[in-house]
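# Structural features, examined
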Amino acid sequence: MKNFYITSPIYYVNDVPHIGHAYTSISCDVMARFKRLEGFDVHFLTGTDEHGQKVEKSALSRSKTPQEFCDEISAKFRELAQTLNLSNDDFIRTTQERHKKCAQEFWRRLEQNGWIYKSVYEGWYAVRDEAFYGEDELVNGKAPTGAEVEWHKEESYFFKLSAFQDKLLALYEAVPDFIQPESKRNEVVSFVRGGKDYVKGALRDLSISRTSFSWGVKVPDVENHVMYVWLDALTNYLSALGFPDENDPLMQKFWCNTVDSPVHVVGKDILRFHAVYWPAFLMAAQIPLPNKVYAHGWWTNEGQKISKSVGNVIDPHAELEWLKTLGCDAEQAVDYFRYFLLREVPFGNDGDYNRKNFTTRINAELANNIGNLGQRILSMIHKNNDGKIVDFAHFDDGKELLDKAYKLKDEFAHEMDKFAFDLALEKVVNFARACNHFVDQKAPWNLKKENRLEEMNLVLSTVAEALRCLAIALQPFVPNLAKRLLDILNVNEKQRALKFIAADFALSTNHKINEPKGVFPRLEAK
Ligand code: MSP
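Residues numbered from 1 in each chain as written. Predicted model: local features only at pLDDT ≥ 70, side-chain atom pairs only at ≥ 80, totals over all residues. Heavy atoms only, no water.

## Some remarks on the environment of Leu282
Mapped onto the elements, Leu282 comes out in helix α10 (residues 271–285). The residues touching Leu282, leaving out its near neighbours within four places in the chain, are Phe106, Leu238, Trp255, Ile287, Pro288, Leu289 and Pro290. (Helix = DSSP H or I, 4+ residues; strand = E, 2+ residues; numbered from the N terminus. Contact = heavy atoms within 4.5 Å.)

## Quick word on the side chain of Gln165
Along the chain, Gln165 falls in helix α5 (residues 165–174). According to the relative accessible area criterion, Gln165 is buried, its value standing at 8%. Separated by 2.8 Å, the side chain of Gln165 and the backbone oxygen of Val192 make a polar contact. (Buried < 20%, exposed > 50% of the residue type's maximum accessible area, 1.4 Å probe, protein only. Polar contact = N/O pair within 3.5 Å; in protein donor to acceptor, adjacent residues only side chain to side chain.)

## Examining the sheet that holds strand β10 (residues 206–207)
Pairing between the strands of a sheet comes from backbone hydrogen bonds, and it takes one of two forms, parallel or antiparallel. Spatial ordering of the open sheet is given by β5-β4-β6-β10, a layout of four strands whose pairing is antiparallel. Lying at the two open borders of the sheet, with one neighbouring strand each, are β5 (131–133) and β10. Pairing of strand β6 (residues 150–159) with β10 involves two bridges; the strand directions are antiparallel. Along β10, the bridge assignment pairs Phe159 with Leu206. (Pairing = 2+ DSSP bridges.)

## As for the sheet that holds strand β17 (residues 351–353)
If you walk across this open sheet you meet the three strands as β16-β15-β17, and the pairing is mixed. Two strands in the sheet have a free side with no partner beyond their single neighbour: β16 (304–305) and β17. One ladder, built from two bridges, connects strand β15 (residues 299–301) with β16; its direction is antiparallel. Bridging across to β16, Thr300 finds its partner in Lys305.

## Some thoughts on the environment of Tyr133
With respect to the helices, strands and loops of the structure, Tyr133 is situated in strand β5. Tyr133 sits 58 residues away from Ala75 along the chain, and the two C-alpha atoms are 32 Å apart. At 2.7 Å, the side chain of Tyr133 and the side chain of Asp129 are in polar contact.

## A few points about the pairing of strand β2 (residues 41–49)
Counting buried residues in β2 gives eight out of nine residues, a clear majority hidden from the surface. Pairing between strand β1 (residues 3–12) and β2: eight bridges, direction parallel. Looking at β2, one finds that Phe4 is bridged to Val42. As judged from the four bridges shared by β2 and strand β3 (residues 90–93), these two strands associate in the parallel manner. Paired with Thr46 across the strands is Phe91, a residue of β3.

## Description of the packing of helix α4 (residues 97–112) against α10
At a minimum axis distance of 8 Å, the contact between α4 and α10 shows a crossing angle of 70°. Between α4 and α10, the angle falls in the class roughly perpendicular. Considering how the two elements wind past one another, α4 and α10 form a crossing that is left-handed. Contacts between α4 and α10 involve Phe106, Arg109 and Leu110 from the former and Trp278, Phe281, Leu282, Ala284 and Ala285 from the latter. For the contact of α4 with α10, a count of residues per class yields seven nonpolar, no polar and one charged. (Axes fitted to C-alpha atoms, helices over the stretch in contact; angles between N-to-C directions. Parallel < 35°, antiparallel > 145°, perpendicular 65-115°, else oblique. Left-handed = near helix turned anticlockwise from the far one by under 90°. Nonpolar A, V, L, I, M, F, W, Y, C, P; charged D, E, K, R; others polar.)

## Observations concerning the state of the cysteines
Under the definition given, this model contains zero disulfides. Left without a disulfide partner, Cys28 is nearest to the cysteine sulfur of Cys102, which lies 19 Å away. Distance from the sulfur of Cys469, which forms no disulfide, to the nearest cysteine sulfur (Cys435) is 8.9 Å. (Disulfide = S-S within 2.5 Å.)

## A look at the packing of helix α12 (residues 330–344) against helix α18 (residues 479–488)
In the contact formed by α12 and α18, the axes pass within 7 Å of each other and the chain directions differ by 115°. Each of Glu331, Gln332, Asp335, Tyr336 and Arg338 in α12 lies in contact with α18, whose residues at this interface are Pro479, Asn480, Leu481 and Arg484. A class-by-class count of the residues in the contact of α12 with α18 yields three nonpolar, two polar and four charged.

## Description of the site of the ligand
As a matter of local geometry, the ligand sits amid 23 residues, with Ile10, Asp49, Gly267, Asp269 and Trp299 nearest to it. Here Tyr12 contributes a backbone N or O atom positioned 3.2 Å from an oxygen atom of the ligand. One nitrogen or oxygen atom from the side chain of Asp49 is found 2.7 Å from a nitrogen atom belonging to the ligand. In the complex, 95% of the free accessible area of the ligand, which totals 670 Å², lies under the protein chains. For the shell around the ligand, the elements supplying multiple residues, two or more each, are β1, α1 (19–37), α7 (229–234), α8 (236–239) and β13 (263–267). For the shell around the ligand, the leading source of residues is β1, giving four residues. Classifying every residue of the shell around the ligand by side-chain character gives 12 nonpolar, nine polar and two charged. (Near = heavy atom within 4 Å. Areas by Shrake-Rupley, 256 points an atom, 1.4 Å probe, with all protein chains shown as cover.)

## Here's the deal with the pairing of strand β14 (residues 292–296)
Most of β14 is tucked away: five of the five residues are buried. Residues Lys292, Tyr294 and His296 line one face of β14 and the alternating positions Val293 and Ala295 line the opposite face, and both faces are buried. Pairing geometry for strand β7 (residues 179–180) and β14, over two bridges, is parallel. Note that in β14 the partner of Gln180 across the bridge is Tyr294. Sheet topology places β13 next to β14; five bridges connect them, and they run parallel. Bridging across to β14, Val263 finds its partner in Lys292. Handedness of the crossover joining β13 and β14 through α10: right-handed. (Right-handed = clockwise from strand over helix to strand, strands pointing away.)

What follows is the structure, given as C-alpha cells:
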C-alpha cells in the first residue's frame with residue numbers, strides 16, 4: 001500500500017501565473033517524482049480556483065464572461081505546468097461538473113451533521129484574500145496582508161467552527177507534524193488557542209455562503225446563495241478523487257489508504273485555510289484528515305515584495321527566455337530554474353530571487369562541479385577505453401568514494417522525507433565535490449601520460465559509477481538533465497529508481513557508455 005497523494009494549491013485565475021505559483025508547483029512535482037522513485041504509486045494534483053468575487057471582478061473588468069475568462073487563464077496555468085515539466089496526474093478546475101457535485105455534497109454532509117446555521121454576516125471582507133477579517137485584525141484600516149477591505153452585511157450560512165477548537169488542538173498534539181515546518185505549526189497552534197479570531201474562548205464561526213454576487217457553486221436547495229470560495233476550493237482535493245463516491249478507486253487509494261499522505265503543499269499565506277478550516281470541515285463531514293500540510297515561504301524580487309502595483313512580478317517564462325540567452329536549450333533552462341528555486345532557500349523560509357545569485361549558484365554547483373566532473377571523466381573513458389567500463393570491484397583506492405556514493409541514497413531520502421530540498425541537494429553537491437577531489441588526487445590525465453592505463457581506467461570507471469548514483473538522485477529536481485546523464489552512462493531505464501543506488505547494480509565490466517555531450521552548460525552572456 002505504498003500510495004502517496006500530493007496536492008498543490010489550486011491557483012486563482014484572476015491573473016496570469018508568476019514565480020510563486022511556479023515555486024509551489026515545482027516543489028510538489030519534485031516530491032511526487034521522488035516518491036515515484038522510491039516505489040510509491042503517486043497521485044499529484046494541481047489545478048485552478050475559478051470562483052469568487054475576485055475572479056468575477058477580473059472578468060468583468062476585461063469585459064468577458066466569468067467562464068470565458070476562466071477558460072482563458074486556466075489554460076495558461078495548464079500550459080505552465082507543461083513548460084515546467086510537472087508530472088501532475090490530474091488538473092482540476094473548480095468550474096468542472098465533477099467538482100461542483102463534490103462541493104455540494106460536501107455541504108450537504110456538513111448540514112446533515114448539524115454544523116451549518118443561517119444568520120447575518122456583518123464585518124470586513126478582503127476580496128484580494130477572499131477572506132473575512134475581524135475589526136481587531138485590521139492594521140491601519142487594511143487587512144493584515146495589506147489588502148483593501150470592504151464592509152459587508154449580508155444574509156449568510158455559517159459553519160460552527162467555534163465547536164472545533166479543542167478538536168483541532170487535539171489533532172495538532174496527536175499528530176505533531178501535521179503542520180510543517182515547526183515554526184508555522186506554532187503559529188497555527190497559538191492562533192487556534194487564542195489568536196486574533198479568538199473570541200470568548202472559541203474560534204469564531206465562519207461565514208460560508210455569499211449572496212451579493214453569483215459566481216460560485218450554488219448552495220444546494222437554496223436560492224441566491226453561493227458557497228464561500230474557500231469552502232468550494234478546499235473540496236477540490238476530494239473532487240479529483242471522485243468524491244462523493246467514497247468507493248471510487250482513487251478515493252480509496254489516495255485518501256483512505258495512503259502512507260505519509262495526503263500532503264497539501266501551500267504558501268504560508270494560505271496555511272490558516274488548510275490547517276484550521278479544512279481539517280475542521282473534514283471532521284464535521286466525517287471524512288478522514290490529510291496527513292500533512294506543508295507551508296513554504298515567499299519569494300521577494302531583489303529584496304522587494306512582489307506585487308503587481310510595484311510592477312516587479314517575476315514571470316517564469318521570462319526567466320526561461322533569459323536562461324536561453326545564456327546558453328541553455330529549453331530543457332536545460334527549465335531544469336536550472338527548478339534547481340535554483342529549490343536549492344537556494346530552505347523550504348519553509350522566505351527567499352530572494354535575483355539573477356546574479358542564480359548564475360553564481362548554477363555555475364558553481366551544476367556547471368563547474370557536476371557538469372565538469374561528468375564531462376572530463378566520461379570523455380576520457382570514451383576516448384581512451386572505447387567507452388568501456390573496467391572491473392573496478394577490487395579497486396581499493398575507490399572503495400571510500402563508492403561507499404559514500406551508496407550512502408547517498410539514504411542520506412538523500414532522509415532529507416527529502418523532511419521536505420528539506422536544499423539539504424538533499426547539498427548532499428548530492430557535496431558528493432560531487434568529493435568525486436572531483438578524488439579525480440584531482442588521482443589525476444588520471446597524468447596516469448595516461450605515464451602510460452599507467454590500467455590504473456587510469458580504474459579511476460575513471462569508479463567515478464563513472466559514482467556519477468550513476470549521483471544522476472539517479474538528481475532526477476526529481478532536474479529530470480531532463482539527469483536523464484541525459486543516465487543516457488550517456490547507458491543506464492537501463494528500468495534501473496533508475498532510488499534502490500538502484502547500490503553496489504549490486506554497479507556498472508558492469510565492459511558496460512559501454514555512449515558518446516558524452518555537455519549536459520550542464522555554464523551560464524554566460526553570449
Ligand atoms: N486559490 C487559492 C488557493 C486555494 S487552495 C484550495 C490561492 N491561490 S493563489 O493563486 O493566490 O496562490 C497560490 C499559491 O501561490 C499560494 O500557495 C501562494 O502562497 C503562492 N504564492 C503567491 N505569491 C508568492 C510568492 N511571492 N512567493 C512564493 N509563493 C507565493 O491562494
